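# Descriptive analysis of the structure
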Amino acid sequence: MKLSELVEKLALDVKTFKDGLQIEIKGAYVSDLLSDVMANAGKCDIWITLQTHLNIVAVASMKGLAGIIIVGNRPVQEEVLKKAEEEKIAILTTPKPAFEVAGKIYQMLK
Amino acid sequence: MALNISGAIEGSFQLIGGNFATAGEASTQLKLKLTNLGVHEDIIRRAAIATFEAEMNVIIYAAAGRLHYYITQQSIKIRVEDMGPGIEDISLAMQEGYSTAPEWVREMGWGAGMGLPNMKKNSDKFSIDSVVGEGTTVEMVINFS
Ligand SMILES: Nc1ncnc2c1ncn2[C@@H]1O[C@H](COP(=O)(O)OP(=O)(O)OP(=O)(O)O)[C@@H](O)[C@H]1O
Ligand SMILES: [Mg+2]
């Protein structure tokens, strides 16, 4: 499934790297612990988290993730968005909680 | 696959404790270098993860440090030395889930106690040496084949 399809179905707000929406998502990983994501997320997974600080961009880039969905209506600072744009990482936001986002994606990827 | 380079390529990056804003820069640079050398992407990812975790530990726990890399045809060796508090019980620190990260660092999502195990898992050779009150040195080798 393409990231763009996910954006449409979940009505995600695309904050950065619009060109990245053509990427094919392999799976998803839900975690707010960065070293857990480094250990267990897969390449081209979409990462669901409530973390919003700068280091999430480096984690996504190091792991080759498909993008980051920031849940729960958390505001993302401009410097984080700027960094994500530079590193070509798609940041998507939603007011929905992680459980709902993960549940919907699970159904879609199954 | 062995790389088509003669001799070795080496260099280093300075790391500054508490500098979360530039965390990952050394790993990103190294990743770029390996990409340009034509290293396989799975190997690059392992090197990037191991380097980033090592970099983060210096930023979280130490005052300053240096990351040194040494690339040959066969492998990349990464040595990260810091001037920090050192580690009293290394085997405890190596246990998954053990962390002394302060609350504000945990709020950022670090402090799962998985960094050192991640470094070890992603390296072909891993060693750690530490002197309390002086600092810590981590050495990792990742083979290209
Ligand atoms: N360079 C270092 N200097 C001093 N102490 C360290 C250093 N690296 C690791 N430690 C100690 O070892 C513990 C475990 O480190 P490790 O990287 O595995 O986990 P963490 O940093 O606590 O959490 P995570 O890496 O999952 O975010 C740390 O909490 C800290 O007490
Ligand atoms: Mg760590």
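Below is a short write-up of the structure. On a predicted model such as this, the values are computed, not experimentally measured, just so you know.

## Brief notes about the packing of aromatic side chains
All names here are of chain B.
- Counted under the stated rule, the structure contains three aromatic pairs over all chains.
- Ring plane angle 35° and centroid distance 5.8 Å describe the contact between Phe13 and Tyr69, whose orientation is recorded as tilted. Taken together, the residues span a long stretch of sequence, with Phe13 in strand S1 (residues 9-16) and Tyr69 in strand S2 (residues 64-71) at a distance of 56 residues.

## A look at the layout of surface pockets
Residue and element names in this part refer to chain B.
- Size it by volume and the largest pocket reaches roughly 610 Å³.
- In this structure, the largest pocket is lined by 35 residues; those nearest its centre are Asn57, Tyr61, Ile87, Ala93 and Leu116.
- The element that contributes the greatest number of residues to the lining of the largest pocket is helix H2 (residues 41-61), accounting for six residues.
- Each residue belonging to the lining of the largest pocket can be placed in one class, and the counts come to 20 nonpolar, ten polar and five charged.
- As a volume, the second largest pocket reaches approximately 350 Å³.

## Examining the interface of chain A and chain B
- With 20 residues of chain A at the interface, the matching set in chain B holds 24 residues.
- Surface buried jointly by chain A and chain B totals about 1700 Å² across both partners, of which 58% is contributed by carbon and sulfur atoms.
- On the surface where chain A and chain B come into contact, there are one salt bridge.
- Summed over the shared surface of chain A and chain B, the result is nine residue pairs in polar contact (both at pLDDT 80 or more).
- Secondary-structure elements contributing two or more residues to the side of chain A that touches chain B are helix H2 (34-40) and helix H3 (55-63) of chain A.

## A word on the site of ligand 1
- The environment of ligand 1 is made up of 22 residues, and the closest members are Asp82, Ser99, Thr100, Gly111 and Met114 of chain B.
- Close to ligand 1, residues of chains A and B are found.
- Here Tyr61 of chain B contributes a side-chain N or O atom positioned 2.8 Å from an oxygen atom of ligand 1.
- Between Gly111 of chain B and ligand 1, the recorded distance is 2.7 Å, taken from a backbone N or O atom to an oxygen atom.
- Protein chains bury 96% of the 590 Å² of accessible surface belonging to ligand 1 in isolation.

## Examining the sheet that holds strand S1 (residues 13-14) of chain A
Residue and element names in this part refer to chain A.
- Pairing is mixed across the open sheet formed by five strands, whose spatial order is S1-S5-S4-S3-S2. Each of the sheet's edge strands pairs with one partner strand only, and the pair in question is S1 and strand S2 (27-30).
- Relative to strand S5 (residues 91-93), S1 runs antiparallel, the two sharing two bridges. Each residue of the ladder has a partner; that of Asp13, found in S5, is Thr93.

## What about the environment of Glu55 of chain B?
All names here are of chain B.
- By the secondary structure assignment, Glu55 is in helix H2.
- For the pair Glu55 and Val39, spaced 16 residues apart in the sequence, the C-alpha separation amounts to 21 Å.
- Contact partners of Glu55, with chain neighbours within four places excluded, come to Leu15, Thr22, Ala23, Gly24, Glu25, Ala26 and Ser27.
- Polar side-chain contacts of Glu55 include one of 3.2 Å to the backbone nitrogen of Glu25.

## Comments concerning the sheet that holds S1 of chain B
Residue and element names in this part refer to chain B.
- Taken in spatial order, the five strands line up as S1-S2-S3-S5-S4 in an open sheet, and their pairing is antiparallel. Strands at the two margins of the open sheet, each flanked by one partner only, are S1 and strand S4 (125-131). Across the sheet, the mean angle separating the axes of adjacent strands is 10° when strand polarity is ignored.
- For strand S3 (residues 75-83) and strand S5 (residues 135-143), the ladder comprises nine bridges, and the chain directions are antiparallel. When the bridges of S5 are listed, Glu81 appears paired with Thr137.

## What about the pattern of salt bridges?
- Taken as a whole and judged by the stated rule, the model has nine salt bridges over all chains.
- In this structure, Glu41 of chain B and Lys43 of chain A form a salt bridge, with 3.5 Å as the shortest nitrogen-oxygen distance. One end of the pair, Glu41 of chain B, is in helix H2; the other, Lys43 of chain A, is in the loop between H2 and strand S3 (45-49), on a second chain.
- Overall, the relative accessible area of 43% leaves Glu41 of chain B in the partly exposed class.
- Across the pair Arg79 of chain B and Glu81 of chain B runs a salt bridge, and its minimum N-O distance is 3.7 Å.
- Overlapping salt bridges bring together Lys43 of chain A together with Glu41, Asp42 and Arg45 of chain B as one network.

Definitions and limits used
Note that residues are indexed from 1 along each chain, following the sequence as it is written. Both sets of labels track the order of writing: A upward for chains, 1 upward for ligands. This being a predicted model, a pLDDT of at least 70 is required before a residue's local features are given, and a value of 80 or more before pairs of side-chain atoms are given or counted; all residues contribute to the totals for chains, interfaces and linings. Think of the side-chain values as coming from all heavy atoms in the structure, minus any hydrogens and water. Whether two aromatic rings pair depends on their centres lying within 6.5 Å, for rings of Phe, Tyr and Trp, where Trp uses its six-membered ring; planes under 30 degrees apart make the pair stacked, over 60 edge-to-face, and the rest tilted. The numbering of helices and of strands both runs from the N terminus, where a helix is a DSSP run of H or I of at least 4 residues and a strand a run of E of at least 2. A cavity here means a set of points on a 1 Å grid, drawn over the protein atoms and nothing else, where a 1.4 Å probe fits but cannot get out; a pocket is an open set with protein on both sides within 12 Å along at least five of seven lines, and a residue lines either one if it has an atom within 4 Å of a point. Grid points are joined across faces, edges and corners, and a volume is the space filled by probe spheres set on the points. Gly falls in the polar group here, along with every residue not listed as nonpolar (Ala, Val, Leu, Ile, Met, Phe, Trp, Tyr, Cys, Pro) or charged (Asp, Glu, Lys, Arg). Note on contacts: a residue pair is in contact if any heavy atoms of the two residues lie within 4.5 Å. Simply put, the buried area is the total loss of 1.4 Å probe accessible area from both parts when two parts are fitted together. Between Lys or Arg on one side and Asp or Glu on the other, a salt bridge is scored when a side-chain nitrogen of the former is within 4 Å of a carboxyl oxygen of the latter. Whenever two N or O atoms come within 3.5 Å, that pair is a polar contact, provided that in protein one can donate a hydrogen and the other can accept it, and provided that, for residues adjacent in sequence, both atoms are side-chain atoms. Distances are taken per atom, and a residue is near a molecule or strand as soon as one of its heavy atoms is within 4 Å of it. Areas reported here follow the Shrake-Rupley algorithm with a probe of radius 1.4 Å; residue values treat only the protein chains shown as occluding. By this definition, two strands are paired if DSSP reports at least two bridges between them. In this analysis, axes come from line fits to C-alpha atoms, helices being fitted only over the stretch in contact, and the angle between any two N-to-C directions falls in the range 0 to 180 degrees. Exposure categories follow from relative accessible area, calculated using a 1.4 Å probe and restricted to protein chains: below 20% of the type maximum is buried, above 50% is exposed, and the middle band is partly exposed.

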